[in-house]
Amino acid sequence: MAKERITGAEALMRSLENEGVKTLFGYPGGAIMPVYDALYDHKDTLYHVLVRHEQGAVHAAQGYARVSGKVGCSIVTSGPGATNTITGIADAMIDSTPVVVICGQVGTSMLGTDAFQEVDVVGITQPISKWSYQIRRAEDIAWAVSRAFYIAKSGRPGPVVLDFAKNAQTAMVDYEPQQVDFIRSYNPVPEIDMDAVRQAARMINSSVKPFVLVGQGVELGNARQELRAFLEKAQIPAGCTMLGLSALPSDHPLNMGMLGMHGNLGPNVMTNQCDLLIAVGMRFDDRVTGNLKNYAKQAKVIHFEIDPSEINKNVKVNLAVLGDCKQTLAAVTELLEETKHQSWIDGFKPYAEKEYNKVIKKALEPSEGPLLMGEVVAKVSEATNHEAVLVTDVGQNQLFGCRYFRFKKGRSTITSGGCGTMGFGLPAAIGATFGAPERTVCMFCGDGGLQMTIQELGTIMEQQAPVKIILLNNNYLGNVRQWQAMFFNHRYSFTPMANPDYEMIAKAYGIPVRTVIERGDLNDAIQEMITTDGPFLLQCAVMEEDNVLPMTPPGADVDDMLLEVEN
């Protein structure tokens, strides 16, 4: 079969199609113009979403990837177009999100001359990506694209950057599709050590007070069913990291709640009382562990992990079970004894009751005063039958969202965990509507984070992306204000915010909007939002100085949680 001679830009289009790409998020410019010209002839197979800022392109690709389990893809131009993607790439790296970012670049003859919009993209992105590569020849396009997608999605997922020189876009090439499924010296999934599997089973079978930490790796590995079988056979209670929240249904009897600084009291306290700590697909982030010197020192630790570099990085473990947790969990489950740990499980209940009486009841069942963020989150979750996709920005909206939203389905939590990127929510939610068009996407944000990427309302307008935006407006940078109140003697240094009229802004973009001030109007407004086709902005005027509790103070032990603070 004769090879077809085509331009490098056309070769990129066909390579993307060969990888199964259906949706692209991007923004055109001079150095990527040949690619956009080729894209004009592929409108039926490659749907392009024009974002309003390149940072939004990567965050949208992240949202698409997180909810769909596929690789998200972004295309931008060189120079500032490429540098505007850096935050999204770094965010995707620390949260293990598979995206491929394709950047335009000046021609190879102009590299190193400080040409117009020339930036060393590979040099900048190498430390924050799984692989960064400059395509200098059209002959390398098919190979580079296939390799990029393979690296992005295999093993522990992450971002890959392709820096695409303009001469490679315009040159002619005899195109032949390629499929990379092996790279020498790259071992994305470690081989399972059956001795470790057997040892893990022995340790679990002999444990009296085992406790499982559920991370996002369970979602990334499509191991939700394997996790449930593992927990249920041995009746082991579990807590979830923020990114792992939807890996286990919220109402599962063995789900004890969220781990971490603003997690639930029981899981944090019991971490320092268990005799066996079993971490599955999580990296022992400092917001989960608190003070490492006193973290679970009484317990033996088993770490199920696909990335060997995470083993003993933060917490010293007694046993590492390397491999894909979909396989390793199943292998260990086969060797587990059907056990009851009822007295151990019952030990979580007093802490849950204490937290409910001191924190949750006040957050979800206020009798008077301004609207509270927690009650808004809980009512939106209930109105969607707990089946919606939760997208959050970063700040108090994120913490209240993750605490009080409930999950029945997997791949339902999209938030910026490791990077804590304000502005993440709105573009990520747009991407989620393309990644799971059949699902309701609810995006919670604060007045600070919304303004960081507010231009993406234009993308929502053009695409009619059905994002349900819940703006929790407290006229503050709320999370920073909380820390200033608790640890800086109420010195509110540049956290109060003068806000625009968000109703007028929404109307300017043609987005239906409603503002709620009184508690009695909340349920009706939520129903209007949920039943309105397409996008909707629900602005809730919430209590200005509300605090997210419980809270482990920075540097404190994980079980040293504050249930109330003095105002």
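Placed above this text is the structure.
Calculation rules
- Residues numbered from 1 in each chain as written.
- Predicted model: local features only at pLDDT ≥ 70, side-chain atom pairs only at ≥ 80, totals over all residues.
- Heavy atoms only, no water.
- Helix = DSSP H or I, 4+ residues; strand = E, 2+ residues; numbered from the N terminus.
- Buried < 20%, exposed > 50% of the residue type's maximum accessible area, 1.4 Å probe, protein only.
- Lys, Arg positive; Asp, Glu negative; His and termini not counted.
- Salt bridge = Lys/Arg side-chain N within 4 Å of Asp/Glu carboxyl O.
- Contact = heavy atoms within 4.5 Å.
- Pairing = 2+ DSSP bridges.
- Axes fitted to C-alpha atoms, helices over the stretch in contact; angles between N-to-C directions.
- Core = buried A, V, L, I, M, F, W, Y, C linked by side-chain atoms within 4.5 Å.
- Parallel < 35°, antiparallel > 145°, perpendicular 65-115°, else oblique.
- Left-handed = near helix turned anticlockwise from the far one by under 90°.
- Nonpolar A, V, L, I, M, F, W, Y, C, P; charged D, E, K, R; others polar.
- Phe/Tyr/Trp six-rings, centres within 6.5 Å; stacked < 30°, edge-to-face > 60°.
- Lys NZ or Arg CZ within 6 Å of the ring centre and 35° of its normal.

(A) Quick peek at the side chain of Asp324. Here Asp324 lies in the loop between strand E14 (319-322) and helix H14 (325-335). It turns out Asp324 is buried and unbridged, and the closest side chain with the opposite charge, Lys326, is 7.5 Å from it. The residues contacting Asp324, other than those within four sequence positions of it, are Val189, Gly221 and Ile306.

(B) The arrangement of the sheet that holds strand E6 (residues 131-135) in detail. Ordered in space as E3-E2-E4-E5-E7-E6, the six strands form an open sheet in which the pairing is parallel. The two strands at the open ends of the sheet, each matched to only one other strand, are strand E3 (47-50) and E6. Across the sheet, the mean angle from the axis of one strand to that of its neighbour is 20 degrees, orientation sign disregarded. Pairing of strand E5 (residues 99-105) with strand E7 (residues 159-165) involves seven bridges; the strand directions are parallel. Among the inter-strand pairings, Val101 is bridged to a residue of E7, identified as Val161. Seen against the sheet, helix H3 (residues 54-68) touches strand E2 (23-26), strand E4 (72-76) and E5 and runs at an angle of roughly 165 degrees to E4. Lying over the sheet, helix H7 (residues 141-153) contacts E4, E5, E6 and E7, oriented at roughly 170 degrees with respect to E6.

(C) Quick peek at the nonpolar core. Within the largest apolar cluster, 94 residues are counted, with the highest numbers of intra-cluster contacts made by Phe230, Leu277 and Phe444. Among the elements that take part in this core, helix H9 (residues 194-205) stands out by supplying six residues, more than any other. The contact partners of Phe444, leaving out residues within four places of it in the chain, are Val376, Val377, Val380, Leu390, Val391, Thr392, Asp393, Asn397, Phe405, Ile470 and Leu472. In this structure, Ile6, Val145, Ile151 and Phe164 belong to the second largest nonpolar core, which totals 39 residues.

(D) Quick look at the packing of H3 against helix H19 (residues 425-435). Interaxial distance between H3 and H19 falls to 6 Å at its minimum, and their mutual angle equals 45 degrees. Relative to H19, the element H3 lies oblique. Two packed elements cross with a definite hand, and for H3 against H19 that hand is right-handed. Residues Gly56, His59, Ala60, Gly63, Tyr64, Val67 and Ser68 of H3 form the contact with H19, whose own contacting residues are Pro427, Ala428, Gly431, Ala432, Phe434 and Gly435. Its residues placed into classes, the contact of H3 with H19 shows seven nonpolar, six polar and no charged.

(E) Focus on the side chain of Gln484. Inspection of the secondary structure assignment puts Gln484 in helix H22 (residues 478-487). Relative accessible area serves as the criterion here: at 8%, Gln484 is assigned to the buried category. In this structure Gln484 touches Asn489, His490, Arg491, Tyr492, Ser493 and Thr495, once residues within four positions along its chain are discounted.

(F) Structural context of the sheet that holds strand E20 (residues 536-541). Strand order in the open sheet formed by six strands is E16-E15-E17-E18-E20-E19, and the pairing between neighbours is parallel. Two strands in the sheet have a free side with no partner beyond their single neighbour: strand E16 (413-414) and strand E19 (513-516). Pairing of E19 with E20, which is carried by four bridges, proceeds in the parallel orientation. If you follow Arg514 over to E20, its bridge partner there is Leu538.

(G) Up close: the packing of aromatic side chains. If you walk through the whole model with that rule in mind, you get 16 aromatic pairs. For the ring pair Phe25 and Tyr64, a centre distance of 6.1 Å and an interplane angle of 65 degrees mean the geometry is edge-to-face. Of the two residues, Phe25 sits in strand E2 while Tyr64 sits in helix H3, which places them 39 residues apart along the sequence. Each member of the pair, Phe25 as well as Tyr64, is classed as buried. With 5.1 Å between their ring centres and 20 degrees between their planes, Trp131 and Tyr133 make a pair best called stacked. Among the residues examined, Tyr133 registers a relative accessible area of 22% and is labelled partly exposed. Grouped by ring-pair contacts, the aromatic residues Phe25, Tyr47, Tyr64 and Phe434 constitute a single cluster. Cation over ring: Arg481 sits above Tyr476, and NZ or CZ is 5.8 Å from the ring centre.

(H) Main features of the pattern of salt bridges. Taken as a whole and judged by the stated rule, the model has 20 salt bridges. One salt bridge in this structure joins Arg14 and Glu4, with 2.7 Å as the shortest N-O distance. Note that Arg14 is positioned in helix H1 (residues 8-18) and Glu4 in strand E1 (residues 4-7), a separation of ten residues in sequence. Among the residues examined, Glu4 registers a relative accessible area of 42% and is labelled partly exposed. A salt bridge links Asp307 to Arg156; its shortest N-O distance comes to 2.8 Å. Taken together, the residues Asp307 in the loop between strand E13 (300-305) and E14 and Arg156 in the loop between H7 and E7 connect sequence positions 151 residues apart. Looking at Asp307, the relative accessible area reads 17%, which means it is buried. Each of the salt bridges in this network shares a partner with another, and the network as a whole consists of Arg156, Asp307, Glu310 and Lys313.

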